[in-house]
Amino acid sequence: MIHDLSFVGIDVSKHHFDVHIHPAGESLRCGTSSDAIAQLVRRIAGLGPVAVGLEASGGYESRLADSLHAAGVEAHVVAPARVRSFARGIGQLAKTDRIDAAMIARYLVAVRADLTPYAPDRDRRRLSAISAHRRRLLAEKSGLISQLDTIDEPLVRSMIETRLATIAQDIATLDAAITDLLAKVARLRQCHARLRKVTGVGPVLATALLADMPELGKVSAKVCRSPCRCRALCAPVGHLRAKRALCRRAKTPARHRLHGRPQCRQGQGSRPRRLLSRAQGARQTLQARYGRNHAKAHHNPQCYRSIRPRIRITMPTVA
């Protein structure tokens, strides 16, 4: 029975965990050290049948989630945006760490049947860490190469060239580590080989999809596509800025691998032109909608002029 089950919401931060136990209504705060985590896990496990919800916080929740899973406790890593939307939906507008922990517990009560319990995948996590560091090195390499075009100081150029040589060696080491990992883990190797069969998917894109999209093969094609497509570029109006920002945050490396950077330049093929046509269509649709809303005021030029600059400023610049 659901009434025999305790629900624990944990708001995660860098230095402490805020815990709320529902329906008992108890709240507490503990540290993030190994001893504090072990003590918290023992206390949660002693509650009997329990489901724990942790807010995803950029990796700070990983140690606690792993400890809960190792202790046999049902744990769920939930998205902060969904918890916040749930809180607004029930009228809870105030936001503190303690309130967030209580909202996580109540959110878990409402949607636990639709959630998948947390199960650590150490091989995929290692692949994700290696791929992320490889992307950071590539970004640093690109910046240093561009600096060589304008720097004439011999000492600085020598240091940059030395750093570039080190980066090249590190990238080669990471590539070898990725190859070894795929060779050892049959499950990842099979998924990687299947992705490579798709036209246009190379080894780098296949690795990025494996590392950053663990939901591949577990959800529908529509759900899988939504974090990767550049839909936000076609929604330039002001009230959709939050959706555009959410699209940028969600699966950004995989989205960039599939679609390129959001700001496209000239000479990059047909995709900028296609995005431009979509943006033009969005402009026409927006103007038609505002035209219907302000049909009686079109005789007044100031009414329509107050709308046109807003449309022109918020449209993305796509060449």
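Conventions we followed
Residues numbered from 1 in each chain as written. Predicted model: local features only at pLDDT ≥ 70, side-chain atom pairs only at ≥ 80, totals over all residues. Heavy atoms only, no water. Pairing = 2+ DSSP bridges. Helix = DSSP H or I, 4+ residues; strand = E, 2+ residues; numbered from the N terminus. Axes fitted to C-alpha atoms, helices over the stretch in contact; angles between N-to-C directions. Contact = heavy atoms within 4.5 Å. Buried < 20%, exposed > 50% of the residue type's maximum accessible area, 1.4 Å probe, protein only. Core = buried A, V, L, I, M, F, W, Y, C linked by side-chain atoms within 4.5 Å.

**Observations concerning the sheet that holds strand β1 (residues 6–12)**
Reasoning step 1: Read from one edge to the other, the open sheet built from five strands follows the order β3-β2-β1-β4-β5, with strand pairing classed as mixed. Lying at the two open borders of the sheet, with one neighbouring strand each, are β3 (26–31) and β5 (74–78). When strand polarity is set aside, the average angle formed by the axes of neighbouring strands in this sheet is 20°.
Reasoning step 2: Looking at chain direction, β1 and strand β2 (residues 16–22) are connected through six bridges and run antiparallel. Its bridge partner being in β2, Phe7 is matched across the sheet by His22.
Reasoning step 3: Here helix α1 (residues 34–45) sits on the sheet in contact with β1, β2, β3 and β4 (50–55), set at roughly 155° to β3.
Reasoning step 4: Its contacts with the sheet put helix α2 (residues 62–70) on β1, β2, β4 and β5, and the angle it makes with β4 is roughly 165°.

**What about α2?**
Reasoning step 1: Of all the residues in α2, the buried ones are Leu64, Ala65, Asp66 and Leu68.
Reasoning step 2: The elements touched by buried residues of α2 are β1, β2, α1, β4, β5 and α5 (122–148).
Reasoning step 3: One or two positions beyond α2, positive phi appears at Gly72, with a value near 80°.

**So, the nonpolar core**
Reasoning step 1: The biggest cluster of nonpolar side chains holds 25 residues, and the ones touching the most others in it are Leu127, Ile160 and Leu195.
Reasoning step 2: Mapped onto this core, the elements with two or more residues apiece are α5, α6 (154–184), α7 (186–196) and α8 (203–212).
Reasoning step 3: No other element matches the nine residues that α6 contributes to this core.
Reasoning step 4: When neighbours within four sequence positions are excluded, Leu127 is seen to be in contact with Ile178, Leu181, Leu188, Thr207, Leu210 and Ala211.
Reasoning step 5: Counting 21 residues, the second-largest nonpolar core is a separate cluster that includes Ile37, Val41, Leu54 and Leu68.

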